[in-house]
Amino acid sequence: MNAKRFLYLFGFALLFVIAPAAYQIDRIAQSLPVMDGEAGLPGLSEKAEVEADEFGIPSVRVETREDAFRVLGYLHARDRLFQMDLMRRKTAGRLAEVFGAKALLLDKRQRAYQFQRAAEDAVNRMPADQRKVLQAYTDGVNAFISRAKALPFEFRVLAYHPDAWRLEDSMLVALGMFQTLNGHDKDERTLTLMDRLLPAEVTAFLTPDTDPYVTVLLGGGDSHRPARPVPVKSIASLIEEVGDQKLGSVIEPEAPSIGSNNWAVGGTKTKDGRAIVANDMHLGLSVPNIWYRARLFYGDVDLSGVTLPGVPLVVVGSNRHVVWGFTNVDADLLDLVRVELDPADPGRYRTPEGWRRFETRTETIVVKDGSAEPLELKSTVWGPLAPEPLLGQPVAVRWTALDPRAVNLGLLGMDRVKTLNEAMAVVNRAGAPPQNVVLADDAGHIAWTYMGFFPRRVGFDGSVSVSWANGSARWDGFIPPEELPRVVDPAEGFLATANNRTLGKEYPYVIGHNFSYSYRAYRIAETLKGMPRVSEQDMLALQLDTVSEFYEFYRRLALSVLNGEPEDAILAEAKRSIERWNGRLDADSIGIGLLVEWRRNLAKAVFAPLVSRCAAADPNFAYAWREQETPLRTLLTEQVPETLPDRQYADWRSFLIETLRRSAEEAKQRNGVDRLENLAWGEINRVHLSHPFSQTFTLAGWVLDMPEEPASGCGSFCVRVLFDGHGASERMAVSPNHPEDGILHMPGGQSGHPFSVHYRDQQQAWLKGVALPFLPGAAKHHLTLIPE
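Everything quoted here is computed from the prediction, not taken from an experiment. (Residues numbered from 1 in each chain as written. Predicted model: local features only at pLDDT ≥ 70, side-chain atom pairs only at ≥ 80, totals over all residues. Heavy atoms only, no water.)

### Things to note about the overall build of the protein
Logical step 1: Each helix and strand counted, the protein has 24 helices and 29 strands in total.
Logical step 2: The buried share of the protein, reckoned over its 788 residues, is 63%.
Logical step 3: The long-range fraction of contacts in the protein, counting pairs at least 24 apart against all pairs at least 6 apart in sequence, stands at 73%.
Logical step 4: Accessible surface for the protein amounts to roughly 29600 Å². Of this, 51% is attributable to carbon and sulfur atoms.
Logical step 5: Of the charged side chains in the protein, 86 are positive and 101 negative; the average position of the first set lies 2 Å away from that of the second. (Helix = DSSP H or I, 4+ residues; strand = E, 2+ residues; numbered from the N terminus. Buried < 20%, exposed > 50% of the residue type's maximum accessible area, 1.4 Å probe, protein only. Contact = heavy atoms within 4.5 Å. Areas by Shrake-Rupley, 256 points an atom, 1.4 Å probe, with all protein chains shown as cover. Lys, Arg positive; Asp, Glu negative; His and termini not counted. Charge placed at Lys NZ, Arg CZ, Asp CG, Glu CD.)

### Quick notes on the sheet that holds strand β13 (residues 354-357)
Logical step 1: Sheet architecture is open: three strands sit in the order β11-β12-β13, paired in antiparallel fashion. At either end of the open sheet lies a strand with only one pairing partner, and these are β11 (341-342) and β13. (Pairing = 2+ DSSP bridges.)

### Brief notes about the pairing of strand β22 (residues 494-497)
Logical step 1: Across the two faces of β22 the burial is the same, with Phe494 and Ala496 and Leu495 and Thr497 all buried.
Logical step 2: Here strand β4 (residues 259-265) runs beside β22; their pairing, made up of four bridges, is antiparallel. Residue pairing in the sheet places Trp263 in a bridge with Ala496 of β22.

### Some thoughts on the confidence of the model for the protein
Logical step 1: Mean pLDDT for the protein: 94, with 96% of residues reaching 70 or above.
Logical step 2: Taken together, the stretch residues 1-22 has pLDDT below 50 and engages in 26 contacts with residues farther than four places along the chain or on a different chain. (pLDDT = per-residue confidence, 0-100.)

### Some remarks on the side chain of Asn408
Logical step 1: Of note, Asn408 is situated in the loop between β16 (395-399) and α13 (420-427).
Logical step 2: Of the polar contacts made by the side chain of Asn408, one reaches the backbone nitrogen of Gly431; its length is 2.6 Å.
Logical step 3: Setting aside residues up to four positions removed in sequence, Asn408 forms contacts with Gln130, Arg429, Ala430, Gly431 and Phe453. (Polar contact = N/O pair within 3.5 Å; in protein donor to acceptor, adjacent residues only side chain to side chain.)

### Comments concerning the sheet that holds strand β8 (residues 314-318)
Logical step 1: Read from one edge of the open sheet, eleven strands run β1-β29-β2-β3-β6-β7-β8-β9-β17-β18-β21, paired in mixed fashion. Of all the strands in the sheet, the pair left with one neighbour each is β1 (37-41) and β21 (486-488). Pairwise comparison of adjacent strand axes, ignoring direction, gives a mean angle of 25° for this sheet.
Logical step 2: When β8 meets strand β9 (residues 322-328), the two strands line up antiparallel, connected through two bridges. Across the sheet, Ser318 pairs through a bridge with Val323, a residue of β9.
Logical step 3: Running at roughly 15° to strand β18 (residues 446-451), α13 makes contact with β9, β17 (435-441), β18 and β21 of the sheet. (Axes fitted to C-alpha atoms, helices over the stretch in contact; angles between N-to-C directions.)

### A look at the side chain of Ser223
Logical step 1: Looking at the secondary structure, you find Ser223 in the loop between α11 (200-206) and α12 (232-242).
Logical step 2: With a relative accessible area of 9%, Ser223 lands in the buried category.
Logical step 3: Side chain to side chain, Ser223 and Asp209 meet in a polar contact 2.6 Å long.
Logical step 4: With residues near it in sequence (within four places) discarded, Ser223 still touches Asp209, Thr210, Arg501 and Lys505.

### A short note on the packing of aromatic side chains
Logical step 1: With the rule as written, the count across this model stands at 37 aromatic pairs.
Logical step 2: Taken together, a centroid distance of 5.6 Å and an interplanar angle of 65° make the contact between Phe460 and Trp468 edge-to-face. Residue Phe460 shares its accessibility class with Trp468, and that shared class is buried.
Logical step 3: Relative to Phe717, the ring of Phe550 lies with its centre 3.7 Å away and its plane at 10°, an arrangement referred to as stacked. On the criterion of sequence distance, the pair formed by Phe550 in the loop between α15 (536-543) and α16 (552-561) and Phe717 in the loop between β24 (709-710) and β25 (722-723) is long-range, its members being 167 residues apart. A single burial state applies to Phe550 and to Phe717, both of which are buried. (Phe/Tyr/Trp six-rings, centres within 6.5 Å; stacked < 30°, edge-to-face > 60°.)

### Details of the environment of Gly310
Logical step 1: Here Gly310 shows up in the loop between β7 (301-307) and β8.
Logical step 2: With relative accessibility at 0%, the residue Gly310 sits in the buried group.
Logical step 3: Here the alpha-carbon distance between Gly310 and Leu562, two residues 252 residues apart in the chain, equals 55 Å.
Logical step 4: Beyond its immediate stretch of four places on either side in the chain, Gly310 contacts His76, Met84, Tyr137, Trp165, Ser170 and Val173.

### So, the environment of Leu95
Logical step 1: Along the polypeptide, Leu95 turns up in the loop between α3 (65-92) and α4 (96-99).
Logical step 2: For Leu95, a relative accessible area of 9% corresponds to the buried category.
Logical step 3: Separated by twelve residues in sequence, Leu95 and Asp107 place their C-alpha atoms 6.5 Å apart.

### Some thoughts on the nonpolar core
When a protein is soluble and globular, its nonpolar side chains tend to lie buried together.
Logical step 1: The biggest cluster of nonpolar side chains holds 148 residues, and the ones touching the most others in it are Val71, Trp291, Trp399, Met414 and Leu439.
Logical step 2: The greatest single-element share of this core, amounting to 13 residues, is contributed by α3.
Logical step 3: Excluding residues within four positions of it along the chain, Trp291 makes contact with Arg80, Met177, Met281, Leu283, Val306, Thr307, Leu308, Pro309, Val315, Ser729, Glu730 and Met746.
Logical step 4: In this structure, Tyr554, Leu557, Val561 and Leu602 belong to the second largest nonpolar core, which totals 67 residues. (Core = buried A, V, L, I, M, F, W, Y, C linked by side-chain atoms within 4.5 Å.)

### Quick look at unusual backbone geometry
Logical step 1: Pro288 follows Val287 through a cis peptide bond whose omega is -5°.
Logical step 2: Within the secondary structure, Pro288 is located in the loop between β5 (276-284) and β6 (292-298).
Logical step 3: Of note, the phi angle at Ala159 is positive, near 60°, even though the residue is not glycine.
Logical step 4: On the secondary structure map, Ala159 appears in the loop between α8 (153-158) and α9 (167-182).
Logical step 5: The phi dihedral of Arg320 falls on the positive side, at around 75°, and the residue is not glycine.
Logical step 6: Here Arg320 shows up in the loop between β8 and β9.
Logical step 7: Given a relative accessible area of 34%, Arg320 falls into the partly exposed group.

### Topic: helix α18 (residues 592-607)
Logical step 1: In this model, α18 (16 residues) spans 22 Å end to end at C-alpha, consistent with the 22 Å of a helix rising 1.5 Å per residue.
Logical step 2: Of all 16 residues making up α18, 13 are buried, and the element is well covered by its neighbours. (Expected span 1.5 Å × (residues − 1).)

### Observations concerning the pattern of salt bridges
Logical step 1: Applying the stated criterion across every chain yields a total of 56 salt bridges.
Logical step 2: Note that Arg111 is salt-bridged to Glu363, the shortest N-O span being 3.0 Å. With Arg111 in helix α5 (residues 104-112) and Glu363 in strand β14 (residues 359-365), this residue pair connects regions lying 252 residues apart in the sequence.
Logical step 3: Glu363 gets classed as buried once you look at its relative accessible area, which sits at 18%.
Logical step 4: A salt bridge links Arg456 to Asp476, with the nearest nitrogen and oxygen atoms 4.0 Å apart. With a gap of 20 residues between them, Arg456 in strand β19 (residues 455-458) and Asp476 in strand β20 (residues 474-478) connect regions that are remote in the sequence.
Logical step 5: What makes Arg456 partly exposed here is its relative accessible area of 25%.
Logical step 6: Here the residues in one salt-bridge network are Asp85, Arg88, Arg89, Arg94, Glu97, Asp163, Arg166, Glu168 and Asp169, joined through shared partners. (Salt bridge = Lys/Arg side-chain N within 4 Å of Asp/Glu carboxyl O.)

### Thoughts on the packing of α3 against helix α7 (residues 128-147)
Logical step 1: The interhelical angle for the contact between α3 and α7, taken along N-to-C directions, is 45°, at an axis separation of 7 Å. Considering the angle they form, α3 stands oblique to α7. Of the two possible hands of crossing, α3 and α7 adopt the one that is right-handed. On α7, the residues touching Arg65, Glu66, Phe69, Arg70, Leu72, Gly73, Tyr74, His76, Ala77, Arg78, Leu81 and Met84 of α3 are Asp129, Lys132, Val133, Ala136, Tyr137, Asp139, Gly140, Val141, Ala143, Phe144 and Ile145. (Parallel < 35°, antiparallel > 145°, perpendicular 65-115°, else oblique. Left-handed = near helix turned anticlockwise from the far one by under 90°.)

Okay, structure coming up:
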């Protein structure tokens, strides 16, 4: 950091810590959101009334849809402008302009995908009605930027002024969410390496799409990647090949849970025939929260829920006729096309039509306090070249997010749907990250279907990278909307998903390969089966459920190898701790921390020798298969001598005991406790929501971050996901015709301004699981926006 930047940041600290009170108050007052009085808003057809309740949640009353989203754009900018600017910059690869060289590598990677071009193409292809809304929203954002007395403090600290908002900026924000939920090529790289370097039977064993808790909604009980028996000879050979060499960390036993829970309960299971949707979307947690709550009235529309700052949509919510909620599908929408270069001319590559030259363009990355960086980008007929090669060969990215036919604002149509069929028609055609959508209507009916565009592959299933040069492998458009799966009013009276595999092999298309472990969906379904006359409060209680049968397997395994009273002091301590576990992942639960640690260490030890060839071939390789618990349990249950992962042990029991001993010692040392019986889960699982500034400037965290606190919840293996910076970004439970009984809360608050009373006023309700109303409450503020 240069001296000028250090002094500027030090001055920022003085501003909030020891600066003269009069100056501090004046600057803060100027940048605080204006929530009362009158303001001009160009383009309005008539004046708009904006009431806000005790949490700063706005209710907007206007005449037209365009006016509603014009006002929403203004409010998003007023409360979250820096967040919006960061999101468009991150997706487009423009962070180095404001953060300097530290962001350069990320910018280069993002530029490779050419999101800016994809956003422009999506806008140009957008239907007229959607574009009108997008233009109104953009105008609302720009009205705030151009008229604000003082912009959010982050712009002052970083010494820049935000550019005017453009139509394509909203699509950049949407594409950023697409990338978060479904934009990673790790699965295909993992499977390609394993397919190329490991025996086929080992790859099949290690990469199933099923588990003992599987909860399928449609398509039969069989799957495309079923559980396989242990390939003893092949595994034994791989273990012998590794020998005594030390292996790097190539195993991820529990990847961060970018996913969600959702379920719908029909009128047959509620006290008065109402249908209810419950939804908690799991994302990385930060300050401010990713979502912004709002209620919009226009014409005969009453639309409530959560919105994404930067995008003119109500993402999940209710229009008083239909409620909808999302979970990520974990679909395979991205292919790495192996590019065959011309040996005589590396500027050409082979296509079904013959040799073709790469399309090239040079962009310049502006670097704050540094020299601009030129960057050459290459594209093929299938898409841009990926930032990294695969097995030493270039690959092109074919991805629905980069296809303008598959990205739109079609979800706008949910504002006026009145039936499940109308709603499913909208979401089946909405261009967005692929989602499981559960729906409920005001007549007590429920449904489940998919949202998004899914490639229709020919000649391959998308699991591994292949060449498309001869035309035998290709995409043949997308699965027609009318052929996407649907279930309406099942006999059980409910529908539940949790990023698990929901389709069996009888469904005619392969949707994905690497789905989340099914325990969450199983736990939700089993609980709902035994719940008559359910209410919204019951749904919140289930969202907060921390029971984990999943870890009972490891408790039984540990106690079986620790039979009797261990003579070793640390093992005796471990046994007492495990025996005290209450079967939950509550903040005060004892013993579960050791079981979680032991499982991780077991997974690393068991799998590392089996994938060592892949790690040697690619330093970025990681075995992070979300269904890896299926092969892990098989190996731990059968304990075939030849599959013992470490030959220094005489047998599996010795290996299990020593791994448990090491896990106990690590748990004590890492958490600073003298006895494992004193180690509560909340000492390990702590929630800390931070502002982007606090990651590079510690002092800022005192003001900007939510306080670190012990938390109940888990990574993936209970319903209440909250672990390692990921968790429920909102919790909603609502019936379309009884929204007054609905529940909705989220971390942090509405405002992105740290000195606003609405910066953190929902945090404790979210952390403690306290219900807040779905609808905004009584008006505490009143802002009138006047046409100009």
